[in-house]
Amino acid sequence: MTSDSSPQPISPLRARMIEDMSVRGFKEDTRRDYVRQVRAFAAFIGRSPDTATAEELRLFQLHQTQSGMQPPSINSAVSALRFFFAVTLDRPDLARRLTVVPYPRRIPTVLSVEEVTLLLRAATAPKYKAAFATAYGAGLRVSEVVALKVGDIDSERMLLRVERGKDRHAMLSPPLLELLRAWWREGRRRSLLLPGGWLFPGRNPVEPLSARQLCRVVRAAAQAAGITKRVSPHTLRHSFATHLLEQDVDIRVIQTLLGHAKLDTTALYTRVANSTIRAVTSPLDRLAQLIDGGPRPEA
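None of the values given here were measured: they were computed from a predicted structure. (Residues numbered from 1 in each chain as written. Predicted model: local features only at pLDDT ≥ 70, side-chain atom pairs only at ≥ 80, totals over all residues. Heavy atoms only, no water.)

Draft legend 1. Region of interest: the overall build of the chain. A count of helices and strands for the chain gives 15 helices and three strands. Taken over 299 residues, the chain has a buried fraction of 37%. Of the roughly 18,100 Å² of accessible surface on the chain, a fraction of 53% belongs to carbon and sulfur atoms. (Helix = DSSP H or I, 4+ residues; strand = E, 2+ residues; numbered from the N terminus. Buried < 20%, exposed > 50% of the residue type's maximum accessible area, 1.4 Å probe, protein only. Areas by Shrake-Rupley, 256 points an atom, 1.4 Å probe, with all protein chains shown as cover.)

This is the structure we're talking about:
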């Protein structure tokens, strides 16, 4: 018995939603996630989502909460369903029924400069060492690292062109360029880097290294380096931003380098920048003499 490998036809409703997202410049990952969220809602109500009622939307969110789904995941579904109802169906009345769940943002895990050094030393291959250094040295997201192509390196202007996620130019430091060149020489010697191809190819050079594989390699390197913190490629991005802040780089410059749309997102790193915290004078310091029995401070 042979299986039919032909792709399943896309319903007109899903095709229209995909078209609506494409017109607005949504990235492929976002389009895929939005479609998945709407499909989950359709499975919950047991019929086409364009026939949904406000009560079913309420019950769906209740179901998500009761099943233990975390607020970020619930809010991701809210974004997808709001787009579907407000844009694709032109039903803003239903979109307004969806509730965003507030939640406190966790302080990100940050590595010290010494820990980053240990992690780079523990990289098992030039490709991975260059990928780690790119995430840390340029502050890229894991999806941006694996999507880089050889042609994205601009060694004359010392920039990296980022076309995945938030399109922008990222900084290319001389040490990072040297690591990338070392990997380029090794990759060319082993016929892993194709002309115009991926900077960090997967096992099949035609395909890029997967984000999942890069995460696995980072965790393995952290364990080998004796780092007990929970480490991922995004930890290197967090460390990039925090270390720049500790070097007194303007927070708006860091916002641009990270590709953050809102300054509030970047401001989260002020909560973990140790030198910034240490540089602030506590009001208790002004009372030190009074506490010790010295003269009262002048008003």
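Draft legend 2. A look at the environment of Leu160. Here Leu160 shows up in strand β2 (residues 159-162). Classification of Leu160 by relative accessible area gives buried; the value is 0%. Sequence spacing of Leu160 and Leu148 is 12 residues, and the spatial spacing of their C-alpha atoms is 8.6 Å. Excluding residues that lie within four positions of it along the chain, Leu160 makes contacts with Thr134, Ala138, Asp152, Ile153, Arg168, His169, Ala170, Met171, Leu172 and Leu176. (Contact = heavy atoms within 4.5 Å.)

Draft legend 3. Representation of the environment of Gly226 in the model. For Gly226, the position within the fold is in the loop between α10 (211-224) and α11 (233-246). It is 9.0 Å that separates the C-alpha atoms of Gly226 and Leu119, two residues lying 107 residues apart in sequence.

Draft legend 4. Quick peek at the packing of helix α6 (residues 113-121) against helix α7 (residues 126-138). Their axes nearest at 9 Å, the elements α6 and α7 cross at an angle of 155°. As the angle between them shows, α6 and α7 are arranged roughly antiparallel. Facing Val113, Val116, Leu119 and Leu120 of α6, the residues of α7 in contact are Lys129, Phe132, Ala133 and Tyr136. (Axes fitted to C-alpha atoms, helices over the stretch in contact; angles between N-to-C directions. Parallel < 35°, antiparallel > 145°, perpendicular 65-115°, else oblique.)

Draft legend 5. Just the pattern of salt bridges, in detail. Throughout the structure, instances matching the rule amount to 15 salt bridges. A salt bridge links Arg161 to Asp152; the shortest N-O distance between them is 3.1 Å. Where salt bridges share partners, they join Glu28, Asp29 and Arg32 into one cluster. (Salt bridge = Lys/Arg side-chain N within 4 Å of Asp/Glu carboxyl O.)

Draft legend 6. Representation of helix α2 (residues 28-45). Taking 1.5 Å of rise per residue, 18 residues should cover 26 Å, and α2 covers 26 Å from first to last C-alpha, within 8% of that figure. When we look at burial in α2, the residues that qualify are Asp33, Tyr34, Val35, Gln37, Val38, Phe41, Ala42 and Ile45. (Expected span 1.5 Å × (residues − 1).)

Draft legend 7. Structural detail: the sheet that holds β2. Spatial strand order, β1-β2-β3: three strands in an open sheet with antiparallel pairing. With partners counted over all chains shown, the strands left at the sheet margins are β1 (153-154) and β3 (168-171), one partner each. Alignment of β1 against β2, held across two bridges, turns out to be antiparallel. Residue pairing across strands places Ile153 opposite Leu160, the latter belonging to β2. (Pairing = 2+ DSSP bridges.)

Draft legend 8. Region of interest: the packing of aromatic side chains. Within this structure, the stated rule accounts for seven aromatic pairs. Between Phe41 and Phe60, the aromatic rings sit 5.2 Å apart at their centres with planes inclined by 70°, giving edge-to-face as the arrangement. Separated by 19 residues along the polypeptide, Phe41 in helix α2 and Phe60 in helix α3 (residues 54-66) bring together distant segments of the chain. Each member of the pair Phe41 and Phe60 is classed as buried. Following the ring pairs from residue to residue traces out a cluster consisting of Phe41, Phe44, Phe60, Phe84 and Phe85. When the ring centre of Trp198 is taken as reference, the NZ or CZ atom of Lys149 above it lies at 4.8 Å. (Phe/Tyr/Trp six-rings, centres within 6.5 Å; stacked < 30°, edge-to-face > 60°. Lys NZ or Arg CZ within 6 Å of the ring centre and 35° of its normal.)

Draft legend 9. Representation of the nonpolar core. Membership of the largest hydrophobic core comes to 37 residues, with the highest contact counts inside it found for Leu119, Phe132, Phe200 and Leu214. Of all the secondary structure elements, the ones that give two or more residues to this core are α6, α7, α8 (142-146), β2, α9 (174-189) and α10. No other element matches α7, which puts seven residues into this core. Excluding residues within four positions of it along the chain, Phe200 makes contact with Lys127, Ala130, Ala131, Thr134, Val145, Leu148, Leu180, Trp183, Pro208 and Leu209. (Core = buried A, V, L, I, M, F, W, Y, C linked by side-chain atoms within 4.5 Å.)

Draft legend 10. Here's a closer look at the packing of α2 against helix α4 (residues 71-88). In contact at an axis separation of 9 Å, α2 and α4 are set at 90° when each is read in the N-to-C sense. As far as their axial angle goes, α4 and α2 are roughly perpendicular. The residues of α4 that touch α2, namely those facing Asp33, Tyr34, Gln37, Val38 and Phe41, are Ser73, Ser76, Ala77, Ser79, Ala80, Leu81, Phe83, Phe84 and Phe85. Split into classes, the residues belonging to the contact of α2 with α4 amount to nine nonpolar, four polar and one charged. (Nonpolar A, V, L, I, M, F, W, Y, C, P; charged D, E, K, R; others polar.)

Draft legend 11. Representation of the layout of surface pockets within the structure. Roughly 260 Å³ of volume is contained in the second largest pocket. Taken together, 13 residues make up the lining of the second largest pocket; nearest its centre are Ala133, Tyr136, Gly137, Ser173 and Phe240. Contributions of two or more residues to the lining of the second largest pocket are made by α7, α9 and α11. Looking at side-chain class alone, the lining of the second largest pocket contains nine nonpolar, four polar and no charged residues. (1 Å grid on protein atoms, 1.4 Å probe; cavity = no way out; pocket = protein on both sides within 12 Å on 5 of 7 lines; lining within 4 Å. Points joined across faces, edges and corners; volume = space filled by probe spheres on them.)

Draft legend 12. Structural context of the side chain of Arg237. The residue Arg237 is located in helix α11 in this model. One buried charge, Arg237, has no salt-bridge partner; the nearest side chain with opposite charge is Glu144, at 4.4 Å. What Arg237 contacts, discounting residues up to four positions off in sequence, is Ala135, Gly139, Leu140, Arg141, Glu144, Arg168, Leu258 and His260. (Lys, Arg positive; Asp, Glu negative; His and termini not counted.)

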